[in-house]
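# Observations on the three-dimensional arrangement
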Amino acid sequence: MDFLRKEHSHIDEASAESQQLKYVRTVIKYIQLKFSEQITMENIAGVCGLNRSYLSRLFHDATGYTIKGYLQIYRMQIAQKMLRESDLSISYIGNAVGYVDIFTFSKAFKKHTGCTPSSYRKNGSEHIRKNLF
């Protein structure tokens, strides 16, 4: 009996871990699809059908990032790509990656990369801090 209980508990643990990873993947997919919109933790938790605190803990344990931090990094990577590969205005790019105003976008971009969006576009990525991904 003990053997069966131990074997069954391993299956339950693996199944629970698998379900937790599904939630993490769901959050990542949601961010990748909706990064240009105003995303709240309530939105994400609602999509997963979980309590936001529990979901935040699952995500952090699996990735090492907060959901908000992951969203910001993802947005900054998209913005960097757009700055490198297009002539779109900085304001347009900021809006395209989910920032309502250019000041907030520029401040977040500088915090993430160490340079302003216009400087990044002008000088390329040689003066940029290393990405977290």
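Since this is a predicted model, take the numbers as computed values, not measurements. (Residues numbered from 1 in each chain as written. Predicted model: local features only at pLDDT ≥ 70, side-chain atom pairs only at ≥ 80, totals over all residues. Heavy atoms only, no water.)

Next up on the list: the pattern of salt bridges. Applying the stated criterion across every chain yields a total of two salt bridges. In this structure, glutamate 37 engages lysine 34 in a salt bridge whose closest nitrogen and oxygen atoms are separated by 3.9 Å. Residue classification places lysine 34 among the partly exposed positions, given a relative accessible area of 30%. (Salt bridge = Lys/Arg side-chain N within 4 Å of Asp/Glu carboxyl O. Buried < 20%, exposed > 50% of the residue type's maximum accessible area, 1.4 Å probe, protein only.)

One pass over the structure, following the stated rule, counts six aromatic pairs. Ring centres 5.8 Å apart and planes at 50° place the aromatic pair phenylalanine 105 and phenylalanine 109 in the tilted group. Taken together, the positions of phenylalanine 105 and phenylalanine 109, both in helix H6 (residues 102-113) and four residues apart, correspond to about one turn of that helix. Each member of the pair, phenylalanine 105 together with phenylalanine 109, is buried. One aromatic cluster is present, built from ring pairs that chain together Tyr99, Phe105, Phe109 and Tyr120. Just above the ring of tyrosine 99 sits the side chain of arginine 75; from NZ or CZ to the centre is 5.6 Å. (Phe/Tyr/Trp six-rings, centres within 6.5 Å; stacked < 30°, edge-to-face > 60°. Helix = DSSP H or I, 4+ residues; strand = E, 2+ residues; numbered from the N terminus. Lys NZ or Arg CZ within 6 Å of the ring centre and 35° of its normal.)

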